[in-house]
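# Structural overview
Given next are the chains, with one letter for each unit.
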Amino acid sequence: MKKKIIILTAFIGLMLTSCSDFLDRKPLTQPDNASFLVAREQVENYLNALYPSLPVPSQYGMSIRGEEVNSDNILAEKYDKRLNGENNLFSGSDNWSKGYGNLRNVNYFFHYYSVPEGKETADVRSLRGEAYFFRAYWHFYLLTRFGDIPIMDDFWDENATLAGLQIPAAKRSDVARFILNDLKAAIGQVPEVRAELYPRSKYKGLRISKEAAVLLAMRVALYEASWEKYHKGTDFATEDNSAEFYQEVLNWGDQQLFPSGLTLNTIETDKDAVNTEDAFAHLFNTKDLSEMPEAVFWKKYDKEKGVFHALGGLLASGVVDGQGPSGLSKSLVDNYLNADGTFINPNDEKFKDFNKTFEGRDARLLVTVMHSGCKYRSTSKSSKPMNVRIYDATGTDEEVKDKNADIVSPGLNSDGINKSVTGFHIRLGIDTTFVEGNSETAIILFRYAEGLLCYAEAAEELGKCDDSVLEKTLKPLRARAGVTYAKPTLVDPNFPFTGLTPVLQEIRRERRSELSLQGFRLDDLMRWAGAGILKGTKGRGRGAYLGEDGVLYQSFSPDGRKSLKLVSKDNEGWMDPLKDYLPQGYLFDLNRDYLLPIPTDELQLNRKLVQNPGWK
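Source: prediction; values computed, not measured.

When its secondary structure is counted, the chain shows 21 helices and four strands. Whereas a compact globule of 616 residues would reach a radius of gyration of roughly 25 Å, the chain reaches 25 Å, a difference of no more than 12%. Summarising its shape, the C-alpha atoms of the chain cover approximately 85 × 55 × 50 Å along the three principal directions. The burial tally for the chain puts 59% of its 616 residues in the buried class.

A few words now on the pattern of salt bridges. Overall, the coordinates contain 44 salt bridges when judged by the stated rule. The partner of lysine 271 in a salt bridge is aspartate 272, and the shortest N-O contact between them spans 3.4 Å. Assessed through its relative accessible area of 74%, lysine 271 is described here as exposed. Where glutamate 510 meets arginine 478, a salt bridge forms, and the shortest distance between an N and an O atom there is 2.8 Å. Taken together, the residues span a long stretch of sequence, with glutamate 510 in helix H16 (residues 502-515) and arginine 478 in helix H15 (residues 474-480) at a distance of 32 residues. Across this residue pair, the class does not change: glutamate 510 and arginine 478 are buried. Because the salt bridges share partners, they merge into one network encompassing Glu294, Asp362, Arg364, Arg447, Arg478, Arg480, Asp492, Glu506, Arg509, Glu510 and Glu514.

Considered as a void within the structure, the second largest pocket measures approximately 790 Å³ in volume. Every residue lining the second largest pocket is counted, 29 residues in all, and those nearest its centre are Ser331, Asp334, Asn494, Pro496 and Lys538. With four residues, helix H10 (residues 330-335) is the largest single contributor of residues to the lining of the second largest pocket. Tallied by class, residues from the lining of the second largest pocket come to eight nonpolar, eight polar and 13 charged.

Cut-offs applied
Residues numbered from 1 in each chain as written. Predicted model: local features only at pLDDT ≥ 70, side-chain atom pairs only at ≥ 80, totals over all residues. Heavy atoms only, no water. Helix = DSSP H or I, 4+ residues; strand = E, 2+ residues; numbered from the N terminus. Rg over C-alpha atoms; globule rule 2.2 N^0.38 Å. Buried < 20%, exposed > 50% of the residue type's maximum accessible area, 1.4 Å probe, protein only. Salt bridge = Lys/Arg side-chain N within 4 Å of Asp/Glu carboxyl O. 1 Å grid on protein atoms, 1.4 Å probe; cavity = no way out; pocket = protein on both sides within 12 Å on 5 of 7 lines; lining within 4 Å. Points joined across faces, edges and corners; volume = space filled by probe spheres on them. Nonpolar A, V, L, I, M, F, W, Y, C, P; charged D, E, K, R; others polar.

Here you go:
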């Protein structure tokens with residue numbers, strides 16, 4: 001394999017003084033390989049330098065909050081090329097380089113690690129556990145994108161000859177097993193590797209912890225199990241070990257997750273929660289999550305230390321995708337249940353009323369999508385809440401201005417990246433206090449709720465999801481969202497996936513409701529072999545109703561309505577933003593695009609690699 005040699009540098013002489021900015025620390029000097037990693041401080045500094053590679057918002061851009069333009073959760077004029085089958089043989093190059101570049105950095109650590117065994121304190125053993133976590137994380141990153149890959153379990157630089165680069169790819173199931181073994185090593189289940197992560201309580205979630213490794217293991221096992229089950233019989237899955245990996249999810253849950261003592265953040269435990277939706281919202285719109293055990297691994301921002309992001313300003317101006325006009329999909333909005341636990345009928349006439357769309361619904365919808373009564377910034381200066389109501393054009397110019405001053409409609413006639421093409425803006429993560437410029441809201445990378453969803457899904461796939469499983473997984477998540485819980489017994493005729501049991505259907509619905517705009521949806525569609533729901537004119541997605549008889553249309557002034565004539569709509573009046581860009585809908589190639597192509601230069605260097613299906 002071709003080496004993308006990266007000179008990794010690390011902090012020298014810096015003692016750890018704060019856990020607030022690990023994910024942004026920059027290296028200062030180049031290490032001396034032979035004598036660098038010989039004490040706790042050096043090991044810690046080196047591991048700190050690996051944190052910035054993890055996916056959290058940089059100072060500018062939407063990052064994870066706008067990432068799901070690669071799925072059916074966000075519709076954007078600059079649509080995702082992979083979804084439309086427009087990838088080419090070079091489309092996987094950056095992902096390959098990123099994954100193996102980061103693996104090289106981790107294996108550098110293992111290769112040059114020289115702390116004497118007698119000085120391997122609990123701190124050092126936990127830091128070694130972090131290294132195993134990183135190695136597992138980046139192998140999983142590559143597995144989800146390329147399938148069969150060479151396992152990088154050593155520092156390959158000293159074997160970087162043409163002959164030494166002839167390394168065959170391991171079967172994806174073996175890659176998954178390798179990842180799970182590294183995570184077992186990380187939490188102390190492989191004593192000979194001398195690693196054992198601290199629990200979350202040690203650093204309040206600001207460093208990689210035992211619980212974070214457990215959640216990653218459940219994520220990996222669930223991904224591989226469902227991939228092998230739902231791609232069975234295709235070129236993407238040559239064997240079916242799904243039962244083994246589903247059981248791994250349950251094992252990690254029973255033996256590690258549930259005994260850990262983690263809890264959901266609820267209105268009973270959150271001292272600042274007032275309304276039903278607050279306990280969920282506070283996971284995304286507050287600065288400090290240290291006292292919320294659900295936030296297993298998160299990043300803290302601090303403007304005084306130069307660690308901040310721009311999400312506050314971007315969300316306040318209505319941005320959903322930083323690359324161009326976009327909006328949340330009606331499909332995402334339709335996913336949320338009524339508060340009484342019943343299905344909605346997305347074809348019901350009442351949903352032509354923008355405001356009624358949000359009435360009596362799952363509280364997570366109210367947290368995730370902007371609606372009347374919500375401020376783009378929560379407190380003042382000139383900030384006004386969204387307010388969609390009929391514009392009153394009677395009276396003098398001054399009277400009309402005064403009567404309609406409270407109307408704040410979605411940005412359908414805005415310009416550039418601020419323009420909404422669906423009428424649905426992001427609310428998730430909007431600041432709870434007004435800030436000028438840079439934001440400090442925390443970003444979660446691993447959350448206890450994900451573990452509950454992984455466990456429930458694996459149990460149902462194995463036929464083991466009885467009432468006791470649902471009582472500790474699905475029920476508490478819905479209770480927090482103010483949704484009446486009853487064991488699922490009916491199939492929703494409007495659910496996008498068919499052929500599922502009622503329980504599995506509702507677990508999939510719950511994943512989307514609980515994890516939307518957090519970077520999960522594409523992986524779910526890929527592992528379920530579910531990209532078919534994106535194909536065709538129906539699959540390209542719609543936005544809110546903009547017929548002339550609807551309150552959204554009528555909330556604009558007569559002059560504003562002139563610009564609405566440029567908005568793409570279907571024959572029934574619903575916004576259809578991709579109609580002109582994707583007249584046939586997404587052209588995702590079901591025989592090719594579930595995996596990225598292995599870069600051609602890697603295939604030339606390593607003749608033992610085999611190109612992924614459909615890319616030859």
